[in-house]
Amino acid sequence: MPTFATPTSTPPTADLDRFTVRKVRHRDGQLSHWIFTPSGEVHRPSLAVLTRYGTSTQETYAYSLVDHLNWLHVNNRASDTVTFDDLRRYMNGVTGQVDGVYGLAWRRPDQKPLGPSAAGNVATVVKAYYLALRVTGEVRPDLIEALTSGRSFTRRGRRPVESNPLAPRKSSRRPRFLPDEIVEALFEPGMLTSARDVMIVTWLHDGGLRVGGLCGLRFCDLHLTRNHPCGQRADPHVHVVGRDDNPNRARAKSTSRRPLPATATPSMG
């Protein structure tokens, strides 16, 4: 577990009676997103879950988990008494479903219901949080049984994986892509005014790079010749690296190596 350090931000006055997420800069320069209690102390039970993840994923899960902790806090409930039905009603409240919702409102009026993807993140970290509490016994055994009783299988049926009964059902729709005519319109004269703009749009569209990964690239990450000495790919490629110290504060969601789009490689030299 990372060493404790002074938080880099403090919660606003309006949030003093709520759990909050605050950035914590460690002595080694690492940046974390931890949850703090209404009294200003680190919420240690949540660290067992959050410290498993890198900075970007940890930030997402921290804000997802703090919402659940505020629901417990506002409704005067504790982790050792909450039931599986309670958690299902909580998820109904998060997604905006009416059936089975009860208790005091804990979310701000301007917060919109979460879609399936965001609600899935909440379901993932909430389940992980209660499973982590098994070590200290601060959770009902029947809740653990309900959270872990489901099993599903991969498409080929070779590897069983544990399903999450709290997660909303995802639609079977295919991923959405920009229509070809929209992409072609982006490259019409006058739309992209520099080689840099052409490179950005090409790498985002053809290379599958995320915005954070692209904005966080450094010159040393660009291996633009075949058989680069790094030896990790024969073709031209870029190394997408998750860093916490980029001046523009960009950060890749995950570290990977990606081949350059064929249309972009020749212009890179």
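Each chain carries its own residue numbering, running from 1 in the written order of its sequence. Only residues with pLDDT of at least 70 are given local features in this predicted model, and only at 80 or more are side-chain atom pairs given and counted; all residues enter the totals for whole chains, interfaces and linings. Each side-chain value is derived from all of the structure's non-hydrogen atoms; neither hydrogens nor water enter the calculation.

### Considering a negative patch on the surface
Now for step 1: A cluster of acidic residues, Asp180, Glu181, Glu184 and Glu188, forms a negative patch at the surface.
Now for step 2: Note that Asp180 resides in helix H6 (residues 180–186).
Now for step 3: Burial status follows relative accessibility: with a 1.4 Å probe on protein chains alone, a residue under 20% of its type maximum counts as buried, one over 50% as exposed, and anything between as partly exposed. Among the residues examined, Asp180 registers a relative accessible area of 58% and is labelled exposed. A patch consists of residues exposed above 30% relative accessible area that lack any salt bridge, with like charges linked at up to 9 Å and nonpolar side chains (Val, Leu, Ile, Met, Phe, Trp, Tyr) linked at up to 5 Å. Each accessible area is a Shrake-Rupley result for a 1.4 Å probe, and residues are judged covered by the shown protein chains and nothing else. A pairing counts as a salt bridge when a side-chain nitrogen of Lys or Arg comes within 4 Å of a carboxyl oxygen of Asp or Glu. Charged-residue counts in this description rest on Lys and Arg as positive and Asp and Glu as negative, His and the chain ends being excluded. Charge positions come from single atoms, namely NZ of Lys, CZ of Arg, CG of Asp or CD of Glu. Segments assigned H or I by DSSP are reported as helices when at least four residues long, segments assigned E as strands when at least two residues long, and all are numbered from the N terminus.

### Regarding the side chain of Ser32
Now for step 1: Note that Ser32 resides in strand E2 (residues 31–36).
Now for step 2: In the analysis that follows, any N or O atom pair within 3.5 Å is treated as a polar contact, provided that within protein one partner can donate a hydrogen and the other can accept it, and provided that, for residues neighboring in sequence, both atoms belong to side chains. Within the structure, the side chain of Ser32 is placed 2.7 Å from the side chain of His26, a separation counted as a polar contact.
Now for step 3: Whether two residues touch is decided by their heavy atoms; if any such pair falls within 4.5 Å, the residues are in contact. For Ser32, the contacting residues outside a window of four places in its chain are Arg22, Lys23, Val24, His26 and Gln58.

### Looking at the nonpolar core
Now for step 1: For this analysis, a nonpolar core means a set of buried residues of the types Ala, Val, Leu, Ile, Met, Phe, Trp, Tyr and Cys, connected via side-chain atoms within 4.5 Å. Among the nonpolar cores identified, the biggest contains 35 residues, and Ile35, Tyr90, Val126, Tyr130, Leu143 and Leu166 are the most heavily contacted of them.
Now for step 2: For this core, the elements supplying multiple residues, two or more each, are helix H1 (44–50), helix H2 (55–74), helix H3 (84–95), helix H4 (116–132) and helix H5 (141–148).

### Notes on the packing of H3 against H4
Now for step 1: Packing of H3 against H4 leaves a shortest axis separation of 11 Å and a crossing angle of 155 degrees. Of the possible angle classes, the one that applies to H3 and H4 is roughly antiparallel. The chirality of how H3 crosses H4 is right-handed. Facing H3, whose interface residues are Leu87, Tyr90, Met91 and Thr95, H4 presents Ala119, Val122, Ala123, Val126 and Tyr130.
Now for step 2: Three residue categories are used. Nonpolar comprises Ala, Val, Leu, Ile, Met, Phe, Trp, Tyr, Cys and Pro, charged comprises Asp, Glu, Lys and Arg, and polar comprises the others, including Gly. Grouping the constituent residues of the contact of H3 with H4 by class yields eight nonpolar, one polar and no charged. In this analysis an axis means a line fitted to C-alpha atoms, helices contributing only their contacting stretch, and an angle means the value between N-to-C directions, from 0 to 180 degrees. For classification purposes, angles smaller than 35 degrees are called roughly parallel, those larger than 145 roughly antiparallel, those between 65 and 115 roughly perpendicular, and all remaining angles oblique. When the near helix sits turned anticlockwise from the far one by under a right angle, the crossing is termed left-handed; a clockwise turn instead gives a right-handed crossing.

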